[in-house]
Amino acid sequence: MTATEGATPTIVLVGHGMVGQRFLEAIAERGLTATHRVVVLCEEPRPAYDRVALTSYFSGRTAEDLSMTDMAFIETHGIELYVGDPAETVDREAKEVVARSGRVFAYDTLVLATGSFPFVPPVPNKDAEGCFVYRTIDDLLAIEKYAATATTGAVVGGGLLGLEAAGALKGLGLTSHIVEFAPRLMPVQVDAGGGAALLRTIEDMGLTVHTGVGTQEIVVDESGAVTGMRLSDGSELATDLVVFSAGVRPRDQLARDCGLTVGERGGIAVDEQCRTVTDPHVFAVGECALAADGRVYGLVAPGYEQAETAAAAIAADESEQLSFTGADLSTKLKLLGVDVASFGDAHGAAEDCLDVVYSDSRAGLYKKLVIGRDGTLLGGILVGDADAYGTLRAFTGSVPPVAPESLVLPAGAGESVQLGPSALPDEAIVCSCHNVSKGTIRAAVTEHSCTTVPEVKKCTKAGTGCGSCVKVLGQLVTAELEASGVEVDKGLCGCFAQTREELYEIVLALRINTYQDLLDRYGRDGARGGDGCDVCKPAIGSIIASLAPTIGASGYVLDGEQAALQETNDHFLANLQKNGSYSVVPRIPGGEITPEGLIVIGEIARDFGLYTKITGGQRIDMFGARVEQLPLIWTRLVDAGFESGHAYGKSLRTVKSCVGQTWCRYGVQDSVRMAIDLELRYRGLRSPHKLKSAVSGCARECAEAQSKDFGVIATANGWNLYVGGNGGATPRHADLLAQDLTDAELIRLIDRFLMFYIRTADRLERTSTWLERIPGGLDHVRDVVVEDSLGICEELESLMTAHVAHYADEWATTINDPEKLARFVSFVNAPDTPDPVVGFVPEREQIKPDLPLLTIGHRPLEGSAQR
Amino acid sequence: MTLAPETTDLKVQLQLEEGGPDWFTVCDLSRLVPGRGVAALLPDGRQVALFRDRSGSLYAVDNRDPFSGAAVLSRGLTGTDRGRPFVASPLLKQRFDLVSGECLDDATVRIATYEVRAA
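This structure is a prediction, so every number in the text was calculated from the model and none was measured.

Asker: What's the story with the overall build of chain A in this structure? I'm lost.
Answerer: Scanning chain A from N- to C-terminus turns up 28 helices and 38 strands. Buried residues in chain A amount to 47% of all 867 residues. If you take every contact in chain A between residues at least 6 apart in sequence, the share linking residues at least 24 apart comes to 61%.

Asker: What exactly am I supposed to notice about unusual backbone geometry here?
Answerer: Most peptide bonds are trans, and most residues other than glycine sit at a negative phi. Residues and elements named next belong to chain A. Phi at Leu573 takes a positive value of approximately 55 degrees, unusual for a residue other than glycine. Relative to the assigned elements, Leu573 resides in the loop between helix 19 (568-572) and strand 28 (575-576). For Gln618, which is not glycine, the phi torsion reads 60 degrees and is therefore positive. As for its placement among the helices and strands, Gln618 is situated in the loop between strand 30 (611-614) and strand 31 (620-625).

Asker: I tried to follow the interface of chain B and chain A on my own but got confused; where do I start?
Answerer: Note: interface size is frequently given as the accessible area lost on complex formation between the parts. Counting residues at the interface gives 39 residues for chain B, matched by 37 residues for chain A. Of all elements in the fold, only strand 2 (23-28), strand 3 (37-41), strand 6 (77-81) and strand 7 (84-88) of chain B reach the threshold of two or more residues within the side of chain B that touches chain A. Partitioned by chemical class, the residues of the side of chain B that touches chain A number 21 nonpolar, eight polar and 10 charged.

Asker: What is the right way to look at the confidence of the model for chain B in this model?
Answerer: If pLDDT is low for a region, its predicted coordinates should not be looked at in detail. Residue and element names in this part refer to chain B. Averaged over every residue, the pLDDT of chain B is 89; the share at 70 or more is 93%. Confidence drops under pLDDT 50 across residues 1-7; counting only partners more than four residues distant or on other chains, this segment forms three contacts. Model confidence for the complex is summarised by a pTM of 0.56, with the ipTM given as 0.92.

Asker: Sorry, what's going on with helix 13 (residues 453-460) of chain A here?
Answerer: What sets the pattern is the α-helix's 3.6 residues per turn: residues three or four places apart point alike. Residues and elements named next belong to chain A. Residues of helix 13 that are buried: Val453, Val456, Lys457 and Thr460. Summarising the axial view, the buried residues of helix 13 lie within an arc of 105 degrees, below the 170-degree limit, and thus occupy one face. Packed against the buried residues of helix 13 are strand 27 (436-437), helix 12 (438-446) and helix 14 (470-483).

Asker: Help me understand the packing of helix 12 of chain A against helix 14 of chain A in this model?
Answerer: Angle between the axes and distance between the axes are the two parameters that describe a pair of packed helices. All names here are of chain A. Two numbers describe how helix 12 lies on helix 14: the axes approach to 10 Å, and their chain directions differ by 50 degrees. Viewed along their axes, helix 12 and helix 14 adopt a mutual orientation that is oblique. Here helix 12 and helix 14 pass one another in a crossing that is right-handed. From helix 12, Lys438, Ile441, Arg442, Val445 and Thr446 reach across to helix 14, where they touch Leu473, Leu476, Val477, Glu480 and Leu481.

Cut-offs used in this document
- Residues numbered from 1 in each chain as written.
- Chains lettered and ligands numbered in written order.
- Predicted model: local features only at pLDDT ≥ 70, side-chain atom pairs only at ≥ 80, totals over all residues.
- Helix = DSSP H or I, 4+ residues; strand = E, 2+ residues; numbered from the N terminus.
- Buried ≥ 20, exposed ≤ 12 C-beta atoms within 10 Å, placed from the backbone.
- Contact = placed C-beta atoms within 7 Å.
- Nonpolar A, V, L, I, M, F, W, Y, C, P; charged D, E, K, R; others polar.
- pLDDT = per-residue confidence, 0-100.
- Arc of directions from axis to C-beta.
- Axes fitted to C-alpha atoms, helices over the stretch in contact; angles between N-to-C directions.
- Parallel < 35°, antiparallel > 145°, perpendicular 65-115°, else oblique.
- Left-handed = near helix turned anticlockwise from the far one by under 90°.

If you want it as structure tokens, here you go:
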């Protein structure tokens, strides 16, 4: 009965998790949202979010970042979404759902996507104060709050989620324990050898692991709060907080209550179309469903597949008969920084199968492939290094073209073979989240003219799920482009065939300190001996300036040949504005300025008639200076103790700060002092693009450090360093690089990070895009700058030390150099005549440019367009 | 004197009218840094941007950027594109052929050019 809505059939979806949201997208794609009323009942107070990435909440991602729900999508498709209002009862006779709020919804089709609930073993005091589960954002918020008063935490369960939870507790500053009943960690995914490699690595991180023991009782004090756990070996573990992460169970109570058939061990029984076996009008998808193959799938990829299957069945489209008969349980994870992957028949359950194992417990590596008698790759386990996962998983079920043992040996070992994805057959599944084959990806390039990974992702959806296949995707796209004859010229410009990174290495290694020398020796054939161009000149000028003290070049950007390489802003040490005048920004480190300093700036601006504005970087910008006025303005600023703020350079701009512990009642560190220290350390550092920074004195983050290239947030124990943030046109939240650093550790890490960025970024590539682009992303950067995996940190630090030691204020240098001063004139033949084009008119008690009338050229061509 | 005589003695001169007899002296040749420009003011108020390239060739074009109206072309970066010497506007980066005045990024736009010599 759909009396209230007339003839429009209604679909009611119960549950708005990841699979529920996917179901909505699947029915919208099939046009069902246009023909149906769609009602969604969501128990949690927020719509669908990325539960798989839940733990990243603790590394700085907010609930908003985790959201998977585009409200515009919900609105565009007229979906009625009720959050915080779960379904309470279902009346299948009347075809009605009653929500907790009392709302009643009649349905034609009911879809249950209620997910699962964490299993809590029935031990005494399991509900005591200090006991938690790890499933929702609200669970995390509760753990975070309780952990603030705790010192030790224990996680019951050493599976996938348990390890994540333990890592989160450690991140919250607790001494962390993992208690696992099975004899090894991650018993479902890895075997004894993999478990041993994992155990060693995790213990090295300072976590304590107790395997082969069960939890018998939670010990509480007189107030009822947790004080410890009694274990099955008779020992007692003291802990302030317990997180149960011992697996999940399907949430099928609603289904049981309305008489739907459920499995013996739970799960709503469905057929291959995900329709419940009891009622043709009711479907179940995701972790609450017992699939036709008798299994409950707890991974998101099979859940997505079920959502698509149910949507296709509801659409009853003859052309698209999907069925869900089971799914691949392959997983690749990064747990506490350790790669763990298992795929196919990981435990070698097939008859007569053979193992190929490579194990290096010193390096925490364990790789096992399961091979059939005929050489077919059946499955495998990778711990410590799962780079080959994408390729190996796609080969599963076929005979790889090389000997299997060569696939598990580390790179560089004699027989090791790096089997590229080009060897994969077309039908191999590259993206298992979205079931995208290699053939589909190739077609995106050859038939749909995609030329980049983002385009292919958009076209095929590949790589938009868990993201583990993106690396393979990139290799396939490049291979396909090259195969189709598209020459991928990675050169910097028409003058150089090398990338910026390659040119940097050449300049540094060979100590080349002039642009002409570099062009004549390493330029493209036709460019040698020439004048270069406007792309490579500033890029090489920047590299030479970054490395100046090390390669023996002048550190002053207007010296000799370097002057000809600089963009106009760097050449005039000021910012060119639209009418040909300049703006001037003195450095105000950390945004701290004395009243006398403010008065000097005010007097200068008044005396030269400049327009003043406070910038976003806690500084003061003075606009409307004529080129010949610049040295006069600088002289007065330098006399008052100011120096260049480098607002014109691809270099450090500003280190913003909040007022910090000194004044603020919430502050936990002196953010102003740190901001000043950082700004003075990195001032004048030329880089591929501008660099912005900020320091916040507490987690309230008033300085907005997470939107900066490098941002620092104070903690009770020191500083957290975030990198790769950006505001602007494509905002990006910075990623946490390291936590609880001392002052010295913080500065050393920023030294390394900045120098590594300067070394490897493309021209005009901000840290945010650089982090997204470079292979391995944040993990690789962390390996290099924290773990020193490339062994270059000493060099990076010494390059920075040389920069700091040789810094000199460019304004002061210029005003003391008569030859350079001669360049700051309006006309070479009439230095006392101001440029008549630069004029101003009043606005809001200041000035603004009086824009010249535009004529296209002095002698406009016949028929040229007016602009 | 330790300065090189060939740069101290030579003057940069512009031809005010195409094919005309008058050469207007702007400055010493030594004021031109290879790869960079300077601005000059003509008696009738026009502005000229003067450049010198690596090989010593001189170029002179109108100083006004036709896309913004500002007199800034003398402050742009120079280079060569397939053998054609150009200056890129420092404002919105359009490139202009220093010999023909043609805009390399918009063929409908052209700026004035001047005969220039060192004498």
